[in-house]
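A structural walkthrough
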Amino acid sequence: MAKYRILYAVIWLGSAVFALAYESKLTFVLFAGVAVLPIITLVLMVISGLLLKVEVIPDTAYVGKMQDFDITVKVTNRFIIPAAPMMITGTFQEPDGNVVSNRHLVLNAGPLRKCEYVFGGCIRYRGEYTLGVDKAVIYDFLRIFKFRLGKTPRCNVTVTPRRIMLDETNALCADDYDSSITNISFMDSGSFASVRKYADGDLMKRVHWKLSAKHDELMVKEMEQNLGSSALIITDMHAVSEDNDENMRVADACAEASLAITRKIISDGRSAVNVYRTSDANTGVISAEKPDDYERLVAIFAVLPITETGKGAESLIPKAAELLNGTEPLFIITPELDAGVFTSMVDRIGSSCGEIRIYTTDKQPSPELITAVQTVRGASIHRLDPEDVSVSLRNSLQ
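All figures in this text were calculated on a predicted structure; none of them were measured in a lab. (Residues numbered from 1 in each chain as written. Predicted model: local features only at pLDDT ≥ 70, side-chain atom pairs only at ≥ 80, totals over all residues. Heavy atoms only, no water.)

In this section: the nonpolar core. Judged by nonpolar contacts, the single largest core of 32 residues is most densely connected at Ile 261, Phe 301, Ile 333, Tyr 359 and Leu 393. When residues of this core are traced back to their parent elements, those giving at least two are β12 (231–235), α4 (244–267), β13 (272–277), β14 (283–288), α5 (291–302), β15 (330–334) and α9 (389–397). Val 54, Val 75, Tyr 125 and Ala 136 belong to the second largest nonpolar core, which has 31 residues in total. (Core = buried A, V, L, I, M, F, W, Y, C linked by side-chain atoms within 4.5 Å. Buried < 20%, exposed > 50% of the residue type's maximum accessible area, 1.4 Å probe, protein only. Helix = DSSP H or I, 4+ residues; strand = E, 2+ residues; numbered from the N terminus.)

Summed over the entire model, instances satisfying the criterion amount to four aromatic pairs. Plain terms: the ring middles of Tyr 276 and Phe 301 are 5.6 Å apart, the flat faces sit at 70 degrees to each other, and that makes the pair edge-to-face. Placement of Tyr 276 in strand β13 and of Phe 301 in helix α5 is noted, with a sequence separation of 25 residues between them. Like Tyr 276, the residue Phe 301 is buried in the burial classification. Cluster of aromatic residues (ring-pair linked, three or more members): Phe 92, Tyr 117 and Phe 119. It is Arg 143 that lies over the ring of Tyr 139; its NZ or CZ is 4.3 Å from the centre. (Phe/Tyr/Trp six-rings, centres within 6.5 Å; stacked < 30°, edge-to-face > 60°. Lys NZ or Arg CZ within 6 Å of the ring centre and 35° of its normal.)

Moving on: the pairing of β15. Extensive coverage of β15 is indicated by the burial of five of its five residues. In this structure, β12 lies alongside β15, joined through four bridges in parallel fashion. Residue pairing for β15: Ile 233 is matched across the bridge by Phe 331. Here β15 runs beside strand β16 (residues 356–360); their pairing, made up of five bridges, is parallel. Counted as the bridge partner of Ile 332 is Ile 358 from β16. (Pairing = 2+ DSSP bridges.)

Helix length check: α5, at 12 residues, gives a terminal C-alpha distance of 17 Å against a target of 16 Å (1.5 Å per residue), a fit within 8%. For α5, a buried count of nine out of 12 residues is recorded, marking the element as mostly surrounded by other parts of the structure. For α5, the full list of buried residues reads Asp 293, Tyr 294, Arg 296, Leu 297, Val 298, Ala 299, Ile 300, Phe 301 and Ala 302. (Expected span 1.5 Å × (residues − 1).)

Dropping the structure here:
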């Protein structure tokens, strides 16, 4: 842009010298034209900028990990002259799964027309992503002025964990744990216990539209939860290194394993209570006994945060101990587990649960942990491969 301003300054100076040297009407008109032209292009640029409309349109708000989706950037020119060139800078997904900021795109729409550009790709890790235009700037036709659009549209896309099916494997809850099955209450879709404010992960079909309109904010129906279960699942997602990609990879594996186990238990006609850490550092509890419960859990796990290093499964044990009835199996899914934590957990739980299954992404669990697990009747430890969670789970269930 600086070079165009220098070029214009040279042309303006040349036309001024030419007009002073010849002192004719022609040279004066030439000088006046050179002097007035930037003002005209500036006015046209401002009007064009005010009449331009930029939209960001995703083809979905929810998408699975590594599943392709498109985001369309649409520029509509509502002026009778061609729009000035627009430089768009934004954050978008790429085909390799990365999310890249500062991607540049130049668009130019004809008079009373629109132009579109489609960004296609996928996202490698679960989470909620804000994608779209970060900055939009148009230039005048001389490229010496620029006008930045005040509103830059963006969209939120939630990337959910992969859905792993374990239908062909053996049941996770043996007949010894079936005593609570007959007591599971399948609530009617229209019945609910209370109403609360909308939170991330809530299904839109549970929105109470009349109350939402009255309170001017989304309100959802809180369904009754039957916390008598056939299994209890603790899902821990704490950081294991300073590498954010590694932390995301490990946390995704834990989320996918927990969801796969939950789905398997539901498909076997049983129920599972899931204990996890919420985004506000509290302990969340959801009883999953129907497909709707599983879908809600998928939406919640998609946005669960990675907690700090050192804040692992031990912070979830107290709540889990309250929910155990003495017969159901306990699943602990965590990036890594300390032997001391496991021992204190067993001391706290005592005989309040049946089988204990530990799933960890740790490549080499400590010998102390392995020894501690081997000394507890009905306890076992299994490794989750973040690159192939499905195979890891199937191998552990054979």
